[in-house]
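Inside the fold
Listed below, chain by chain, are the residues.
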Amino acid sequence: MGILTILSIISLIVYLEEALYIIKKIQCPMKKKTSLWNSAAPMVVSIITCFGLWIPRSAMFVEIGIGTYFALCFYFTLMVIIEGYGGKDAIVRRFESTDIHINTGPCCCCCPCLPRIKLTKKKMNIFILGVFQMAFLKPLFTFIGLILWSDGIYNTEDVSSTSIALWMNVTLGVCTMLALWPIGILFREARVHLAEYNMGTKFAIFQLLLVLTTLQSSIFSILGNSGVLPCVPPYAYKSRS
């Protein structure tokens, strides 16, 4: 617990140094805001999980906090790509005469027969809306979940067909896949045309962080629900997981 606390403090210091650098070097307000938000992801995850370790019964709030932050980061990741081209109008002008692949993950990676499209302002707005719905619905569902949890209705451990938590999480899972699709489409083009911004590395690190936090939480939840982790008072096995 001491090691994680020290590492979390180091993560905070590293981010503060990076934030000062971004504030001084980047002049565009939108690019500065998106860079500050996305760069904070490792630090936010580290600090929230540190609180979760010190206060085991706050596990649900830890998952909600990390999930909400990542939902916002989805939107800002798309904004980073758009601002890399110089804005929405600039990216439309750049690709209005170029065929864009849409057979990318996680929705259509297995559909190579899908036609290529030409990017227009309307399609660009649909891409942005597809990502924004995740940034909007995740905090909204989080707020509703907390209200229902305080009344004893929302229970993430209940996986029955009548569980409100199960259906809310399934809906958010579908929304997440739909949000990743537009990002994947534009990232495929940005990886080549914005190579000088290291978009490939930034996106890979963001995806790795997302997979690790999601997979790690799921593994320990399964172990806790199956009773593999022992019960050590004052915490039950599910709280210890």
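The protein chain appears in an unreviewed UniProt entry as Organic solute transporter subunit alpha from Eleutherodactylus coqui. Its UniProt record, at the heading Subcellular location (unreviewed entry), says of the protein chain: "Membrane".

A word on the side chain of Ser-35. Positionally, Ser-35 belongs in helix H2 (residues 29–39). Sequence-distant contacts of Ser-35, that is, excluding residues within four places in its chain, are made with Ile-22 and Ile-26.

Now for H2. Taken residue by residue, H2 has Thr-34, Ser-35, Leu-36 and Asn-38 as its buried positions. Its buried side turned inward, H2 meets helix H1 (2–25), helix H3 (41–54) and helix H4 (59–85).

Turning our attention to the UniProt feature "transmembrane region" (unreviewed entry) in the protein chain. If you check UniProt for "transmembrane region" (unreviewed entry), the listed places come out as residues 6–23, 35–55, 61–85, 126–149, 164–187 and 199–223 in our numbering. Helix makes up 100% of residues 6–23 and strand 0%, and the two end C-alpha atoms of the span are 26 Å apart.

Between two packed helices, what matters for the description is the angle formed by their axes and the separation of those axes. At their nearest, the axes of H3 and H4 sit 9 Å apart, and the two run at 170 degrees to each other. As far as their axial angle goes, H4 and H3 are roughly antiparallel. Residues Ala-41, Val-44, Val-45, Ile-48, Thr-49 and Gly-52 of H3 touch H4, and the partners they reach there are Val-62, Gly-65, Ile-66, Tyr-69, Phe-70 and Cys-73. For the contact of H3 with H4, the residue count by class is nine nonpolar, three polar and no charged.

Procedures and definitions
- Residues numbered from 1 in each chain as written.
- Predicted model: local features only at pLDDT ≥ 70, side-chain atom pairs only at ≥ 80, totals over all residues.
- Heavy atoms only, no water.
- UniProt positions renumbered as here; feature names shortened; annotations may be inferred.
- Helix = DSSP H or I, 4+ residues; strand = E, 2+ residues; numbered from the N terminus.
- Contact = heavy atoms within 4.5 Å.
- Buried < 20%, exposed > 50% of the residue type's maximum accessible area, 1.4 Å probe, protein only.
- Axes fitted to C-alpha atoms, helices over the stretch in contact; angles between N-to-C directions.
- Parallel < 35°, antiparallel > 145°, perpendicular 65-115°, else oblique.
- Nonpolar A, V, L, I, M, F, W, Y, C, P; charged D, E, K, R; others polar.

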